Amino acid sequence: MSNESLANLLKEERRFAPPAALAASANVTADAYGQASEDRLAFWAEQARRLSWSVEPTETLDWSNPPFAKWFADGRINVAYNCVDRHVEAGLGDRVAIHFEGEGGDTRTITYADLKDEVSRAANALLELGVHKGDRVAIYLPMIPEAVVSMLACARIGATHSVVFGGFSADAVASRIQDADAKLVITADGGHRRGKPSALKPAIDEALDRCPGVEHVLVVRRTGQDTAFTEGRDVWWHDVVDRQSAEHTPEGHEAEHPLFILYTSGTTGKPKGILHTTGGYLTQASYTHHAVFDLKPETDVYWCTADIGWVTGHSYIVYGPLANGATQVIYEGTPDTPHQGRFWEIVQKYGVTILYTAPTAIRTFMKWGDDIPAKFDLSSLRVLGSVGEPINPEAWVWYREHIGGGRCPIVDTWWQTETGAIMISPLPGVTETKPGSAQRALPGIAATVVDDEAREVPDGSGGYLVLTEPWPSMLRTVWGDDQRYLDTYWSRFEGRYFAGDGAKKDEDGDIWLLGRVDDVMLVSGHNISTTEVESALVSHPAVAESAVVGATDATTGQAIVAFVILRGTAEANDDLVADLRNHVGRTLGPIAKPKRILLVNELPKTRSGKIMRRLLRDVAENREIGDVTTLADSSVMNLIQAQLPTAP
Ligand code: 6R9
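Residues numbered from 1 in each chain as written. Predicted model: local features only at pLDDT ≥ 70, side-chain atom pairs only at ≥ 80, totals over all residues. Heavy atoms only, no water.

As named in an unreviewed UniProt entry, the protein chain is Acetyl-coenzyme A synthetase, taken from Kitasatospora arboriphila. The UniProt entry for the protein chain carries the following text under Cofactor (unreviewed entry): "Mg(2+)". On record in UniProt, under Catalytic activity (unreviewed entry), the comment for the protein chain is "acetate + ATP + CoA = acetyl-CoA + AMP + diphosphate". (UniProt positions renumbered as here; feature names shortened; annotations may be inferred.)

### With respect to the site of the ligand
Around the ligand, the surrounding shell holds 17 residues, and the nearest of these are Asp412, Thr413, Thr417, Asp501 and Lys610. Between Trp310 and the ligand, the recorded distance is 2.9 Å, taken from a side-chain N or O atom to an oxygen atom. When the ligand is considered free in solution it has 520 Å² of accessible area, and contact with the protein chains removes 93% of it. Elements that contribute at least two residues to the shell around the ligand include exactly helix H12 (311–323) and strand E25 (511–516). Classifying every residue of the shell around the ligand gives 7 nonpolar, 5 polar and 5 charged. (Near = heavy atom within 4 Å. Polar contact = N/O pair within 3.5 Å; in protein donor to acceptor, adjacent residues only side chain to side chain. Areas by Shrake-Rupley, 256 points an atom, 1.4 Å probe, with all protein chains shown as cover. Helix = DSSP H or I, 4+ residues; strand = E, 2+ residues; numbered from the N terminus. Nonpolar A, V, L, I, M, F, W, Y, C, P; charged D, E, K, R; others polar.)

### Some thoughts on unusual backbone geometry
In this structure, the amide linkage connecting Pro66 to the following residue, Pro67, adopts the cis form with an omega of 0°. Within the secondary structure layout, Pro67 lies in the loop between strand E1 (61–62) and strand E2 (70–71). Pro338 follows Thr337 through a cis peptide bond whose omega is -5°. Here Pro338 shows up in the loop between strand E17 (328–331) and helix H13 (342–350). Despite not being glycine, Arg194 has its phi angle at roughly 50°, a positive value. Within the secondary structure, Arg194 sits in the loop between strand E9 (190–193) and strand E10 (196–199). Its identity as a non-glycine residue notwithstanding, Gln439 has a phi of 75°, on the positive side. Assignment of secondary structure puts Gln439 in the loop between strand E20 (410–412) and strand E21 (447–450).

### A closer look at the sheet that holds strand E8 (residues 184–188)
Strands sit in the order E12-E11-E8-E6-E7-E14-E15-E23 across an open sheet of 8 strands; the sheet is mixed. Looking at the sheet topology across the chains shown, the edges are occupied by strand E12 (234–236) and strand E23 (477–478). Inspection of the sheet shows strand E7 (residues 160–163) paired to strand E14 (residues 258–264) by 2 bridges, in the parallel sense. In the strand pairing of E14, Ser162 is matched with Ile261. Lying over the sheet, helix H9 (residues 201–208) contacts strand E6 (136–140), E8, strand E11 (216–220) and E12, oriented at roughly 155° with respect to E8. The strands touched by H12 within the sheet are E7 and E14, with E14 carrying the most contacts at an inclination of about 145°. (Pairing = 2+ DSSP bridges. Contact = heavy atoms within 4.5 Å. Axes fitted to C-alpha atoms, helices over the stretch in contact; angles between N-to-C directions.)

### Some remarks on the pairing of E14
Counting buried positions over the 7 residues of E14 gives 6, a clear majority of the element. Here E14 runs beside strand E15 (residues 272–277); their pairing, made up of 6 bridges, is antiparallel. Bridge pairing links Ile261 to Leu275 in E15. (Buried < 20%, exposed > 50% of the residue type's maximum accessible area, 1.4 Å probe, protein only.)

### Considering the pattern of salt bridges
What the rule picks out here adds up to 47 salt bridges. One salt bridge connects Glu101 with Arg342, and the closest N-O pair in it is separated by 2.7 Å. Of this pair, Glu101 sits in strand E4 (residues 96–101) while Arg342 sits in helix H13; the two residues are 241 residues apart in sequence, bridging distant segments of the chain. Like Glu101, the residue Arg342 is buried in the burial classification. Residue Lys133 is joined to Glu251 by a salt bridge in which the shortest nitrogen-to-oxygen separation is 3.6 Å. Here the residue Lys133 occupies a position in the loop between helix H6 (112–128) and E6, and Glu251 occupies one in the loop between helix H10 (237–240) and strand E13 (253–254), the gap between them amounting to 118 residues. Residue Lys133 is classed as partly exposed on the basis of its relative accessible area, which comes to 32%. If you follow the salt bridges from partner to partner, you end up with Arg76, Lys133, Glu251 and Glu254 in one network. (Salt bridge = Lys/Arg side-chain N within 4 Å of Asp/Glu carboxyl O.)

### A few points about the state of the cysteines
Per the stated rule, a full pass over the model turns up 0 disulfides. Between Cys154, a cysteine without a disulfide, and Cys83, which holds the nearest cysteine sulfur, the sulfur-to-sulfur distance is 13 Å. Left without a disulfide partner, Cys408 is nearest to the cysteine sulfur of Cys304, which lies 17 Å away. Residue Cys408 is classed as buried on the basis of its relative accessible area of 0%. (Disulfide = S-S within 2.5 Å.)

### Details of the UniProt feature "domain: AMP-binding enzyme C-terminal" (unreviewed entry) in the protein chain
Listed under "domain: AMP-binding enzyme C-terminal" (unreviewed entry) in the UniProt record, and renumbered for this structure, are residues 532–610. As annotated, residues 532–610 has a helix share of 28% and a strand share of 32%, and its two end C-alpha atoms lie 16 Å apart.

### Observations regarding the packing of helix H5 (residues 79–92) against helix H7 (residues 145–157)
Two quantities define a packed helix pair, namely the angle between the helix axes and the distance between the axes. Two elements in contact, H5 and H7, have axes separated by 7 Å at closest approach and are oriented at 120°. As summarised for this structure, H5 and H7 are arranged oblique, according to the angle between their axes. Contact residues: H5 offers Val79, Ala80, Tyr81, Cys83, Val84 and Asp85, while H7 offers Leu152, Ala155 and Arg156. When grouped by side-chain class, the residues that make up the contact of H5 with H7 number 7 nonpolar, no polar and 2 charged. (Parallel < 35°, antiparallel > 145°, perpendicular 65-115°, else oblique.)

### Here's the deal with the sheet that holds strand E22 (residues 462–467)
The strand order across the open sheet formed by 4 strands is E21-E22-E24-E25, and the pairing between neighbours is antiparallel. The outermost strands of the open sheet, each flanked by one partner alone, are E21 and E25. Between one strand axis and the next, the sheet turns by 45° as a mean value, whatever way the strands run. Alignment of strand E24 (residues 497–505) against E25, held across 4 bridges, turns out to be antiparallel. Each residue of the ladder has a partner; that of Lys504, found in E25, is Trp512. Packed on one face of the sheet, helix H18 (residues 530–538) meets E24 and E25 and runs near 105° to E25.

Next comes the structure, spelled out in C-alpha cells:
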C-alpha cells in the first residue's frame, strides 16, 4: 500500500480547540505525553497505583519471551474489589453505580452498596454451583444489570468469563462454549427488543446438546415468557442468587490470571478467543477511561451505548467506569423504541454528561433527521466519544453540532478487542481535534504507520497501522492457540503488532484510520480506501450512510461499487446518482469515482455496528452470499438483494 492515492485523497481542514474550562480542569494534561515518553514503564507503574492491590507489584513488564507479555506479574489484585468494594469502603456506597433503563421504561437504581451485595451473592451462587477459580463461565444475556453483576462475580472468584452476544445463533454460541470449555452458562428467558420479548434460552438449549461440559445453566427471569427447563441442569437466578449471603471476601488473584475470553470473528476461519488477564487490563481500562473521558466521578453521568457482548461493553461499561467509581446509564433496548428520540430522552432524563457511541448510530441519527435531537435538552453533555469504525468527517461534525451543541470535544477512540483498551485518541482537554482523525497514541502507547517493508512512512503517507511497544491491556494469546496469536499479529512485521488496519499520517503526524486492510481496493493500480470514498459520499447533503467495496473488474482490476442510504428528505433518482458520482470525483479525484452506485435502505452490520463489506462484495460480484451468522439482522441481505436492479 505504498501508493500516493492513500495519502492524498481526503483534505479535512476544520479544527476544534478544547474548551478552555475543560482544559483548565482536565484529569490529564499535555505533560502526560512527555512523562510517559521519558519512562514508559514508570508511567504505567504509576497508573497501576491508581488501583488497590492486595499485593503491590514490584515488577512492571516482563518481555523476556516476546510477544508473550507479563505485566505487574508479582502483584495480586481482585478486579471486583476494585470496581465495587473499595468505593463502598471509601464511604461512597450511596453513590449510584447504575441507572438502568429497560426498553419498556422500567427502571432500577443500583448504588455501589447494592452492587457490592449483589455481586457477592452472585459470587456465592457460582461457588455453590461448583464454579472454581480458573473455570470458564459463558454469559449470554441482554443488556440488564445482571450482565454486569455476572461478569464481576466471575472476576471476584477468579472464574474466566466469555460473554457471547445475545443475538448470536445457537451454532455461534455452541462453538464458543466448546472452545472455552465453559462449565456454567448464565442466560435469561429473554430480553426486550423493538417492543417485544425476544427469547434467549432456546438458543442455549439447542447449543447445549453439543456442549456436554456444561453442568448448570443459571437463568435470569427478565421477560417472564414461557421457558423450558432441564431438570437438574437449569436453575433460576432468583432461586439461587437471592438466598445467598451478601458477604463474600474477595481474594487477590495473580496479575496474570485470566480475566476473560472474548471471541472476535475476523474475516475467515473459526472465531479467535482473545484472552485478557487481570492487573494490566484493569490498569489500562481504568486509566484510559479517566484520561479520555475526563471522568469526574462526583458529578458526571456517563453513558456508553455499547452492548456488553462487545469489548467496548467490557472495558467501558464494566471495568473502566466501575473501577473509577462512575455513575452510569445502562439501556436495554434499541434507539428507536418506542420512538426515534429515545437516546435523547435518556440523556435529558438522567442528565448524561459523557456519551460514548458508534459511528453507525450517529449516521442513523443523521438519517432520521436533525429535528429529533433538537426536541430534547442535551445541555448536560460535555464530552462525546466515538468507537468501532472510522467516523466520517461529516458525521463527526453532525455529532458535534446536533448532539454536542457545538461545545463538546469529540474523542474518536481507536482500539480493538485485542488491545483491550483505547490506544489512539484525542485527549479532551489537550488535543485540537480534526474531524475524522483519531490523531495520536495515548501517553504510554506507541503506534505508527509502516509500508510493506516495515519502514515507517513519512508524514503525509499511508500504510499499515502497527503498535511498536507492548501495552498493559494487550491480549496475552489466542485461547488455546499460541501459534495463531503469533501468526495473526506478530508475523507480518518483525517485533511489531500488526493491527490489520490501514492508516495514514497527515502532515502533522496525526493518524487517520482507513479501515481493515482486507477492505482496501485496488483500482487501475491505485490503492483506494473504502473509508475515504464512504466519507466523500457522506459529505454529500443527500447521503446518510454508505458502504463501498471493490468488485472484480475486467479492465481496472477492481471497480468501486457504492451502496448508499439517503437521508430522510432526499429523493432517489438518476440525476442524484450522477451527482453523487461527480461529488466523489470532485472530492477525491476522478480515480475514486464509483463505477456503480446502488441506493438501498439497509446495510449488513455486525452487532457492534461494523459494516460487513465482504457480503456486499458478494452482491457486487453476483455471487452467492457468504456466511451471515455474525450479522445483527440476518434478513438484511435478502432486503438488499430484493431492492437491487439485476447487475449489468
Ligand atoms: C473497539 C472495537 C476493532 C476494529 C479495528 C478498526 C475498527 C475501532 C475505530 C476503528 C477507526 C476508530 N475501529 N475503532 N476504526 N476508528 N475509532 O471496535 O473493537 O470490535 O475488536 O474492532 O474496529 O478496524 O481494527 P473490535
